[in-house]
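# Architecture at a glance
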Amino acid sequence: MSEKQPECSIAIQVLPKVEGEEVIRVVDEVIAYLKSSGLPVFVGPFETTVEGPFDQLMEMVKECQKICIRAGAPGVSSYVKIAYNPNVGVWSIDKKVTKHHQ
């Protein structure tokens, strides 16, 4: 393998407890935060995937919850998938989806 694989990849879907189009506004704030990390990010229709160091990603998951609350949601539910392999790494976002988006 020529490129170094990330040690961790997360997929997160936040479901802020707000009504109608407010969901999009709050979710967009979370996505902007994830993109600001400088890590590889892939936004999908149901969840956003980020890859990088395990500890950083776990802190980001926590912050996503807080962003929803600061944005005005009285509560938030999230679905998080975590792939973690510190010794070998996990498949990158590019390896998993690039062939489907050409």
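First, a word on what this report is: a plain description of the structure on this page. (Residues numbered from 1 in each chain as written. Predicted model: local features only at pLDDT ≥ 70, side-chain atom pairs only at ≥ 80, totals over all residues. Heavy atoms only, no water.)

### Notes on the pattern of salt bridges
Pairing of side chains with opposite charge becomes possible as their charged atoms draw close. Note the cut-off: By convention in these notes, a salt bridge is any Lys or Arg side-chain nitrogen within 4 Å of a carboxyl oxygen on Asp or Glu. Only DSSP runs of H or I covering at least 4 residues are called helices, and only runs of E covering at least 2 are called strands; the numbering of each starts at the N terminus.
On inspection of all chains with the given rule, the structure shows five salt bridges. For Glu22, the salt bridge identified is with Arg25, shortest N-O distance 2.7 Å. Taken together, the residues Glu22 and Arg25, both in helix H1 (residues 22-36) and three residues apart, mark about one turn of the helix. For Arg25, the salt bridge identified is with Glu29, shortest N-O distance 2.9 Å. Residue Arg25 and its partner Glu29 are both found in helix H1; the two are separated by four residues, about one turn of the helix. Through salt bridges that share partners, Glu22, Arg25 and Glu29 make up one connected network.

### A short note on the nonpolar core
Applicable threshold: Nine residue types can take part in a nonpolar core, namely buried Ala, Val, Leu, Ile, Met, Phe, Trp, Tyr and Cys, and a core is a set of them joined through side-chain atoms within 4.5 Å. Only protein chains enter the area calculation, which uses a 1.4 Å probe; residues under 20% of their type maximum are buried, those over 50% are exposed, and those in between are partly exposed. We call two residues contacting when some pair of their heavy atoms lies within 4.5 Å.
By size, the foremost hydrophobic cluster in this structure holds 18 residues, and its most contacted members are Val30, Leu34, Val50 and Leu57. At the level of elements, strand S1 (8-16), H1 and helix H2 (54-70) are the ones that each hand at least two residues to this core. At six residues, H2 tops the list of elements feeding residues into this core. Leaving out residues up to four positions away in the same chain, Leu34 has contacts with Ile12, Val41, Thr48, Val50, Met60 and Cys64.

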